[in-house]
Amino acid sequence: VELHGIKMNEIPFIRSPYHIKNLQAYNALCKLIKDKHFDTIFCHEPVGGALGRIAGRKNNCKVIYAAHGFHFYKGAPLVNWLLYYPVEKWLARYTDALITINQEDYALAKRKMKLRNGGKVYYVPGVGIDTSHYRVDVDLRKKKRAELLLLSFLLRNS
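The structure reproduced in this document is the subject of the present report. (Residues numbered from 1 in each chain as written. Predicted model: local features only at pLDDT ≥ 70, side-chain atom pairs only at ≥ 80, totals over all residues. Heavy atoms only, no water.)

A short note on the overall build of the protein chain
Along its length, the protein chain carries 5 helices and 6 strands. Reading the secondary structure of the protein chain in the N-to-C direction produces β-β-α-β-α-β-α-β-α-β-α. Referenced to the eigenvectors of the C-alpha coordinate spread, the extents of the protein chain come out at roughly 50 × 40 × 30 Å. Across the 158 residues of the protein chain, 30% fall into the buried class. Taking all contacts inside the protein chain whose residues are at least 6 apart in sequence as the whole, residues at least 24 apart take part in 49%. Split by element, the accessible area of the protein chain, about 11,200 Å² in all, is 59% carbon and sulfur. (Helix = DSSP H or I, 4+ residues; strand = E, 2+ residues; numbered from the N terminus. Buried < 20%, exposed > 50% of the residue type's maximum accessible area, 1.4 Å probe, protein only. Contact = heavy atoms within 4.5 Å. Areas by Shrake-Rupley, 256 points an atom, 1.4 Å probe, with all protein chains shown as cover.)

See below:
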């Protein structure tokens, strides 16, 4: 799919980290990186982020990972700490930049996670941009929302 000169490639990851289809997704991702000669990849979501970071390491790509909230946090079940924390700490070694969206994750990542090549941890509050600092063009906003809805529809039906 291409929109506004941006080509998008959909690789379907399954949310369960144990699903066999994720091996197919990993192989597809490695092939895409190799075929397109990507030098940097940007990962989101726990499973896609994990597979993306492993594929990035295999293909010598710089890797940026946006953590939308770690599954291990103050008050999380012990099993989350036992399962997810060691995996994230290990995957940090394949990550050049880690973006967190809350102060707790940021502080923990800064203290405990050693990123590849002296990479940095960044804090971006929330998952959006505070538009109160900008003049908003209401018509442009409506147009962009319609474009995003169309893009969402196209991606789901391609």
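What to know about the nonpolar core
Phe70, Leu98 and Met113 are the most contacted members of the largest nonpolar core, which totals 26 residues. Contributing elements (two or more residues each) for this core: α1 (21-36), β3 (40-44), α2 (46-58), β4 (62-67), α3 (78-92) and α4 (103-112). Residue contributions to this core peak at 6 residues, all from α1. Ignoring anything within four residues of it in the chain, the contact list for methionine 113 reads Phe70, Phe72, Glu88, Lys89, Ala92, Leu98 and Leu108. (Core = buried A, V, L, I, M, F, W, Y, C linked by side-chain atoms within 4.5 Å.)

With respect to the pattern of salt bridges
Taken as a whole and judged by the stated rule, the model has 4 salt bridges. Two residues, lysine 31 and aspartate 35, come together in a salt bridge whose shortest N-O distance is 2.5 Å. Of this pair, lysine 31 and aspartate 35 both sit in helix α1, 4 residues apart, roughly one helical turn. What makes lysine 31 exposed here is its relative accessible area of 52%. Here lysine 144 ties to glutamate 147 by a salt bridge, and the two come within 3.3 Å at their closest N and O atoms. Of this pair, lysine 144 and glutamate 147 both sit in helix α5 (residues 138-156), separated by 3 residues, roughly a single helical turn. Its relative accessible area of 38% is what places lysine 144 among the partly exposed residues. Its relative accessible area of 18% is what places glutamate 147 among the buried residues. (Salt bridge = Lys/Arg side-chain N within 4 Å of Asp/Glu carboxyl O.)

A few points about a nonpolar patch on the surface
A contiguous nonpolar surface patch, about 330 Å² in accessible area, is contributed by Val1, Leu150, Phe153 and Leu154. Along the chain, leucine 154 turns up in helix α5. (Patch = residues over 30% accessible without salt bridge, like charges linked within 9 Å, V, L, I, M, F, W, Y side chains within 5 Å.)

Here's the deal with unusual backbone geometry
Working note: non-glycine residues mostly have negative phi, and peptide bonds are mostly trans. If you check the backbone angles, glutamate 45 has positive phi at about 70 degrees while not being a glycine. When you line up the elements, glutamate 45 lands in the loop between β3 and α2. Taking relative accessible area as the criterion, glutamate 45 reaches 27% and is therefore assigned partly exposed. Phi at asparagine 117 takes a positive value of approximately 50 degrees, unusual for a residue other than glycine. The topology assignment puts asparagine 117 in the loop between α4 and β6 (120-123).

Quick word on the packing of α1 against α2
Axis separation between α1 and α2 bottoms out at 10 Å; the angle between their running directions is 45 degrees. As far as their axial angle goes, α2 and α1 are oblique. Remark: the crossing between α1 and α2 carries right-handed chirality. In contact with Asn22, Tyr26, Leu29, Cys30 and Ile33 of α1, α2 contributes Val47, Leu51, Gly52, Ile54, Ala55 and Lys58. (Axes fitted to C-alpha atoms, helices over the stretch in contact; angles between N-to-C directions. Parallel < 35°, antiparallel > 145°, perpendicular 65-115°, else oblique. Left-handed = near helix turned anticlockwise from the far one by under 90°.)

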